[in-house]
Each structure stands twice: as C-alpha cells, then as structure tokens.
Amino acid sequence: MNEAGLGDFDDHPLKILGHAALQYQSIEDFQNKYIKLNESIANFVPRLHEKDFDVVKAFDEILKNITGDESIGEIKTGMEDKV
C-alpha cells in the first residue's frame, strides 16, 4: 500500500477511495467508467475458478473496456522473470 501512495494515513485506503468515488460521481465520464469497472469486476470474479484462466489478460481486457483504448499492451506484473 505504501508503494501505491496509500500508506501512512489515518483512514483505511478503501475508505479514501470510496470518498474519492463519491466526490467524482457528479462527473459523467467518471460515472460511466466507474460503472464499467464494477460490471467488469462482477464478470471477472466468477471466472477466477476457470481452468487456464489468464488473470493478466483479464485485467488487460478490463482496462481496455474502461478506457476504450485498444492499443494498451499487456500489464506488467514485475514477476515475469520469476516464473
């Protein structure tokens, strides 16, 4: 959490993110992307138990769905050299 800039706060990081979501709800573009994110997560979670499920590819699809940017490459996990 510290690496993401969400450490050393009095409030829990999810509380901070929830508050930010409430603040930005009035922005239509944010609302649409937030809805897409929640829909994508709802579709993603049940697929975790599928055999040969590619988590990195699924996150990549979620990101492309939210941003609409098809040129986005594969997400780097930092663990590529450890496998």
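Below: a short report on this structure.

About the criteria used
Residues numbered from 1 in each chain as written. Predicted model: local features only at pLDDT ≥ 70, side-chain atom pairs only at ≥ 80, totals over all residues. Heavy atoms only, no water. Core = buried A, V, L, I, M, F, W, Y, C linked by side-chain atoms within 4.5 Å. Buried < 20%, exposed > 50% of the residue type's maximum accessible area, 1.4 Å probe, protein only. Helix = DSSP H or I, 4+ residues; strand = E, 2+ residues; numbered from the N terminus. Contact = heavy atoms within 4.5 Å. Phe/Tyr/Trp six-rings, centres within 6.5 Å; stacked < 30°, edge-to-face > 60°. Salt bridge = Lys/Arg side-chain N within 4 Å of Asp/Glu carboxyl O.

**Focus on the nonpolar core**
Note that soluble globular proteins tend to have their nonpolar side chains buried in a common cluster.
Okay, so step 1: In terms of nonpolar packing, the biggest core is built from five residues, these being F44, F53, A58, I62 and I66.
Okay, so step 2: Per element, the largest residue contribution to this core is three residues, and it comes from helix α3 (residues 55-67).
Okay, so step 3: Non-local contacts of F44, meaning those with residues more than four positions away in its chain, are made with F53, V55, A58, F59 and I62.

**Some remarks on the packing of aromatic side chains**
Okay, so step 1: Summed over the entire model, instances satisfying the criterion amount to four aromatic pairs.
Okay, so step 2: Ring centres of F44 and F59 lie 5.0 Å apart, and the angle between their planes is 45°; this geometry places the pair in the tilted category. Of this pair, F44 sits in helix α2 (residues 28-47) while F59 sits in helix α3, and the two are 15 residues apart along the sequence.
Okay, so step 3: With relative accessibility at 10%, the residue F44 sits in the buried group.

**Some points on the pattern of salt bridges**
Okay, so step 1: This structure, assessed with the given rule, holds three salt bridges.
Okay, so step 2: Residues K33 and D29 are paired through a salt bridge, measuring 3.5 Å at the closest nitrogen-oxygen approach. Within this pair, K33 and its partner D29 are both found in helix α2, separated by four residues, close to a single helical turn.
Okay, so step 3: The class of D29 is partly exposed, set by a relative accessible area of 47%.

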